[in-house]
Amino acid sequence: MDDADFRSLPDLAVRSLGGSVVYANDELFAERENLIRPERPGHDPASFGPKGKVYDGWETRRRREAGHDVAIVRLGAPGIVRGVVVDTAWFTGNYPPEVSVEAAYVDGYPSAEELVAAARWESLVPRSTVAGDAENVFGVDDERCWTHVRLSIYPDGGVARLRVHGEVVPDPHTVGAGGLDLAALDNGARIVGCSNWFYSSPNNLLLPDRPRSMADGWETARRRDDGNDWATVRLVAAGVVEVAELDTTYFVGNAPGWARLTGSDADGGDVDDSAAWPEILPRTRLQPDTRHRIRLPAAGPSVTHVRLDIYPDGGLARLRLLGALTSDGRAALERRWQDARPR
C-alpha cells in the first residue's frame, strides 16, 4: 500500500477514538498527550512558559547521558497498522534525528509499569532518519493486530504528532453484545443517588457523546477518610447488563484506582436493602485515561438500578451499561410512555 492509500485509513491512536499516551520516560518541555490530538499542530512564536518555549507536541530535555526517549500509546481500538506518520511540525532545531516505532498486543488494561517491564515489542518501523518540521511517512507491511505502539526517539527532542493509520480488528467477545445502553440519559436513565459531586455532576456519566475534557465527567473531592464514593443509576427499565464501559478519558492523575458495580430490582425487591444488591462487576482495577470495556457473565440478574462504587475517589468520564430490556421492562416502558403522552 502506498503512502496516499494508508493515510486515508483511520488513525487508530487519535484521542477522539479513545487513544491515550500512557507513558513517557520524560516530558519536561511539552506534554506527551499532545502526540495524539486530532487537530494539526499549531505554533505561537511568542509563547513561553516557566520551562521555556511552549510547543504543541511532546518534547524531552536534552540528554547528557547514553540512551534515548520513549512514549507508549494505547490505541483507541486494536488493529492492523498499515502506516505511521511521525510529524515534527514546528520542531526545527530540537527534533530527534532518528526514530523507530514498535508495537505490542496485550490483553486487558495493563498499567504503564507493566507495559514497560513485560510487554513484548515488535518492530513496525526500524530506526530511521527523520526531518525536522515535516510529516515523516512510513509504510508498514505487517498483518498482525496490535493494542499498543511505542515511539522511540534518538536521542531526545520533540515530536508534534504520531499518527498510526490502520484497520480496526474488534474483540468478538464484545461486538454485538449489549444492543441498548440501559444507562443512557437520552434513553431515560437518570442518576438517583450520589455520595459527592464537588467538581462536576454525575449526570455527565450518562451523556451520549464522547467526553471532550476532564470537566465533561463526574469528579469528587479528595477523600481523607476510609470510605469511597459512589453513584446510583436508575436504568431505562428492567434489563440485563451484558457489557460495562467505564471510561476514565482525560482523568490522568485523578482516576479512581478501582470500581465495582452492583444491581437491584426495584420491581422485585427492596432497593434500600443492601442484601438485595447482587454484584454485577467485582472490584476491578482501572487505568487512567482509558475506556474500559468489560464483558459481564452471560446469566446476569435482571436489574432496574445499578450502583457504581469507585475506590477511593476521583473522576470518571462516562458509564455505559449495555444490554437488553426484559419483557417486563419493555412493557413497563411502554406503559410509562403511554401514560405520559398528552391526551
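Going by the structure above, here's the rest.
Residues numbered from 1 in each chain as written. Predicted model: local features only at pLDDT ≥ 70, side-chain atom pairs only at ≥ 80, totals over all residues. Heavy atoms only, no water.

The subject of this paragraph is the pairing of strand E1 (residues 20–24). The element E1 is largely enclosed, with a buried count of four among its five residues. Bridge count between E1 and strand E5 (residues 69–87): four bridges; the pairing is antiparallel. Pairing of Ala24 across the sheet is with Ala71, part of E5. (Buried < 20%, exposed > 50% of the residue type's maximum accessible area, 1.4 Å probe, protein only. Helix = DSSP H or I, 4+ residues; strand = E, 2+ residues; numbered from the N terminus. Pairing = 2+ DSSP bridges.)

Okay, the environment of Leu333 next. Along the chain, Leu333 turns up in helix H3 (residues 327–340). In the structure, Leu333 is positioned 97 residues away from Val236 in sequence and 7.7 Å away in space, judged by C-alpha atoms. Discounting residues that sit within four places of it in the chain, Leu333 has contacts with Val236, Ala237 and Leu325. (Contact = heavy atoms within 4.5 Å.)

Take H3 next. Relative to the 20 Å expected for 14 residues at 1.5 Å per residue, H3 spans 20 Å between its end C-alpha atoms, a close match to the ideal helical length. Of all 14 residues that make up H3, one are buried, and the element is exposed over most of its length. (Expected span 1.5 Å × (residues − 1).)

This part is about the environment of Arg295. Topologically, Arg295 is positioned in strand E18 (residues 291–295). In this structure, the C-alpha to C-alpha distance between Arg295 and Ala244, residues 51 residues apart in sequence, is 6.6 Å.

Quick look at the pattern of salt bridges now. Summed over all chains, the structure comprises 29 salt bridges. Ionic contacts of the salt-bridge type, sharing partners, join the residues Arg37, Glu39, Asp56 and Arg161 into one network. (Salt bridge = Lys/Arg side-chain N within 4 Å of Asp/Glu carboxyl O.)

Turning next to unusual backbone geometry. With omega at -10°, the peptide bond leading from Tyr154 into Pro155 counts as cis. Take Pro155: it is sitting in the loop between strand E9 (145–154) and strand E10 (158–159). Along the chain, Tyr311 connects to Pro312 via a cis peptide bond; the corresponding omega equals -15°. Here Pro312 is to be found in the loop between strand E19 (303–311) and strand E20 (315–316). Its identity is not glycine, yet Trp90 carries a phi of approximately 75°, on the positive side. Among the secondary structure elements, Trp90 is positioned in the loop between E5 and strand E6 (98–104). Here Asp289, not a glycine, exhibits a phi torsion of approximately 50°, which is positive.

On to the packing of aromatic side chains. A complete count under the given rule lists two aromatic pairs for this structure. Geometrically, the ring pair formed by Tyr55 and Phe91 is stacked, given 4.5 Å between the ring centres and 20° between the ring planes. A residue pair is termed long-range when its members are at least 10 positions apart, and Tyr55 in the loop between strand E3 (52–53) and strand E4 (58–59) and Phe91 in the loop between E5 and E6 qualify at 36 residues. Residue classification places Phe91 among the buried residues on the basis of a relative accessible area of 0%. Aromatic pair Phe198 and Tyr199: ring centres 4.8 Å apart, planes at 80°, arrangement edge-to-face. Residue class for Phe198 comes out exposed when judged on its relative accessible area of 58%. Take Tyr199: its relative accessible area is 52%, and that puts it in the exposed class. Its end group placed over the ring of Phe48, Lys53 keeps NZ or CZ at 5.6 Å from the ring centre. One Lys or Arg, Arg283, reaches over the ring of Trp258 and ends 4.8 Å from the middle of that ring. (Phe/Tyr/Trp six-rings, centres within 6.5 Å; stacked < 30°, edge-to-face > 60°. Lys NZ or Arg CZ within 6 Å of the ring centre and 35° of its normal.)

So, to be careful, I would describe these as geometric facts and stop short of saying anything about function.
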